[in-house]
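# An overview of the molecular structure
Next come the chains, spelled out residue by residue.
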Amino acid sequence: MYQMGNVTRNTVAMVLAGGKGERLSPVTLNRPKPCVSFGGKYKIIDFVLSNLFNSGIKRVYVLTQYRAYSLNKHIKDSWAKWTGMGEFYDTISPETNNAGEEWFRGTADAIYQFLHCIEATDADYVAIFGGDHIYKMDISQMISYHILNKADITLAALEVSVEEAKRFGVFSVDEDCRVTAFEEKPEEPATIPERDTCFVSMGNYIFSTRKLIEVLKEGKKRHADLDFGKHVIPMMLERGDRVFAYNFVDNLVPGMRPGERGYWKDVGTIDSYYEANMDLVNVVPQLNLYNYKWPIFTNQSNLPPAKTVFDEEGRRGQSINSYICGGCIISGSTVRRSILGPRCKINSYSLVENSILFDNVEIGRYVKINKAIIDENIKIPDGTEIGYNHEEDKRKGYTVTESGIVIVTR
């Protein structure tokens, strides 16, 4: 753990939140991946923004692109309201760039297009983070590590097995965790000195501001589709810049339980997204959303409390091992091992199990749902069954994964 004073006051953050999330389709057909619901009331992007906020970084640009309206609205209705006195959470998209109307061609190109925003600040450091992962992190500790190493760039690194590392970009490091090489999805990943594990990229970076401006301007001359993993990091290694890996497992947030240490989820596929949500309803989930020393913030809408009604044999409103958000009504029905987003209504004699319901879903009477994801604003008619006959589910136009998760979208 590294901590040195208030290092975040000289930091500005750029959050990359323009991804389509194609592997998460059809959930992402009408929204970008960072704006997908998670844990009922949250959006995926709320996790990185909460990490920044809790770490003391409150000058944040969120770079949006794909179907940006819903994400821009979420930031405006929540995060933009909590700042002032030189602090901001602001969304910027390529179509609002005065220099042109070009889409982002790569992760580093996205930052390059808005380099003027960084140049206009007095920040000594720039935190560049992805907006589509689930984790908790005190970013000030990573910045302190960056300063102690006199680094030009510090890369957040996950320590994983050799077999798992083959799916990621892998760092070769020396005994001081200085990066000596970087390779995308290698067949034979380099291991950490004196360990049988590897460092893989989380896609999160701390840059010294002057160095970032310098390498982006140089890199853009060489690559139109400038990308951090493909171009910038290899270029900096070639130049002999000081590139260091920061081991994410060393990061400790206040109130963190031992089992939560190192928790990081990509949730980039339907299966990984579903599993990460279902972990939340376990008695002791790996991700603790009840840690009030490191809260996850989101839009606090003025909804009434959730409630259950009716207590008759065969018509009992009850939720078991579930997350139930504000405004929900469970009316004479059973919800088991499920997550209900805000304003959902489950009508009498119905059963919802092992499922995720987004905002404002209404389930009719005598409905049975198992292992499903129901998109927002959908009304399920009386007597419907979902998740019990996958061939029938497909005939109705639902998406069914190989693992048997049924996705119902508009």
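Heads up: these notes are all about the structure in this document.

Reading guide: rules and limits
Residues numbered from 1 in each chain as written. Predicted model: local features only at pLDDT ≥ 70, side-chain atom pairs only at ≥ 80, totals over all residues. Heavy atoms only, no water. Core = buried A, V, L, I, M, F, W, Y, C linked by side-chain atoms within 4.5 Å. Buried < 20%, exposed > 50% of the residue type's maximum accessible area, 1.4 Å probe, protein only. Contact = heavy atoms within 4.5 Å. Phe/Tyr/Trp six-rings, centres within 6.5 Å; stacked < 30°, edge-to-face > 60°. Lys NZ or Arg CZ within 6 Å of the ring centre and 35° of its normal. Helix = DSSP H or I, 4+ residues; strand = E, 2+ residues; numbered from the N terminus. Pairing = 2+ DSSP bridges. Axes fitted to C-alpha atoms, helices over the stretch in contact; angles between N-to-C directions. Left-handed = near helix turned anticlockwise from the far one by under 90°. Salt bridge = Lys/Arg side-chain N within 4 Å of Asp/Glu carboxyl O.

## Here we look at the nonpolar core
What tends to happen in soluble globular proteins is that the nonpolar side chains get buried as a cluster. Counting residues in each nonpolar core, the largest one holds 41 residues, and the members touching the most others are I45, L49, L52, V60 and F129. Aside from chain neighbours lying at most four places away, what touches F129 is M14, V15, L16, V48, Y135, M137, I139, M142, G203, N204, Y205 and I206. Grouped together as the second largest cluster of nonpolar side chains are 40 residues, L115, L212, V215 and F228 included.

## Comments concerning the packing of aromatic side chains
Scanning the entire structure with this criterion turns up 18 aromatic pairs. Each member of the aromatic cluster is reached from another via a ring pair, and the members are F53, W79, W82, Y89 and F297. Here the basic side chain of K58 rests over the ring of F53, its NZ or CZ set 4.5 Å away from the ring centre. The residue whose ring lies beneath K368 is Y388, and the NZ or CZ to ring-centre distance is 4.6 Å.

## Side note on unusual backbone geometry
Glycine aside, residues mostly have negative phi, and peptide bonds are mostly found in the trans state. Residue P26 is reached from S25 by a cis peptide bond, and omega for that bond is 10°. Relative to the helices and strands, P26 is located in the loop between β1 (11–16) and β2 (37–38). A positive phi angle, close to 65°, is found at R343, a residue other than glycine. For R343, the position within the fold is in the loop between β21 (339–340) and β22 (345–346). Despite not being glycine, K371 has its phi angle at roughly 50°, a positive value. Here K371 is to be found in the loop between β26 (368–370) and β27 (372–374).

## What about the environment of K58?
Within the fold, K58 resides in the loop between α1 (45–54) and β4 (59–63). Sequence separation of K58 and P381 is 323 residues, and the distance between their C-alpha atoms is 45 Å. Setting aside residues no more than four positions away along its own chain, K58 makes contact with F53, T83, E87, F88 and Y89.

## Overview of the sheet that holds β21
Across the sheet, which stays open at both edges, the six strands sit in the order β18-β21-β24-β27-β31-β30 with mixed pairing between neighbours. Either end of the sheet is taken by a strand with one partner, and the two such strands are β18 (323–324) and β30 (399–400).

## With respect to the packing of α1 against helix α2 (residues 69–77)
Contact geometry of α1 with α2 gives a least axis separation of 12 Å together with a crossing angle of 35°. Between α1 and α2 the crossing geometry is right-handed. Between α1 and α2, the residues in contact are I45, D46 and L49 and L71, H74 and I75, respectively.

## As for the pattern of salt bridges
Counted according to the given criterion, the structure contains 26 salt bridges. Of the charged contacts, one joins D266 and R23 as a salt bridge, the two residues approaching to 3.7 Å between their closest N and O atoms. Here D266, found in the loop between β13 (264–265) and α9 (270–279), pairs with R23, found in the loop between β1 and β2; they are 243 residues apart in sequence, far enough to count as distant. Using a relative accessible area of 28% as the deciding quantity, one classes D266 as partly exposed. Three or more residues joined by partner-sharing salt bridges are found here, namely K211, E214, E218, R222, E238, R239 and D241.

## Quick look at the environment of K345
Note that K345 resides in strand β22. Looking at K345, the relative accessible area reads 32%, which means it is partly exposed. Put simply, K345 and A68 are 277 residues apart on the chain and 28 Å apart in space, counted from C-alpha to C-alpha. Contacts of K345, omitting those with residues within four sequence positions, involve I329, V361, E362 and I363.

These figures come from the coordinates and say nothing about function on their own.
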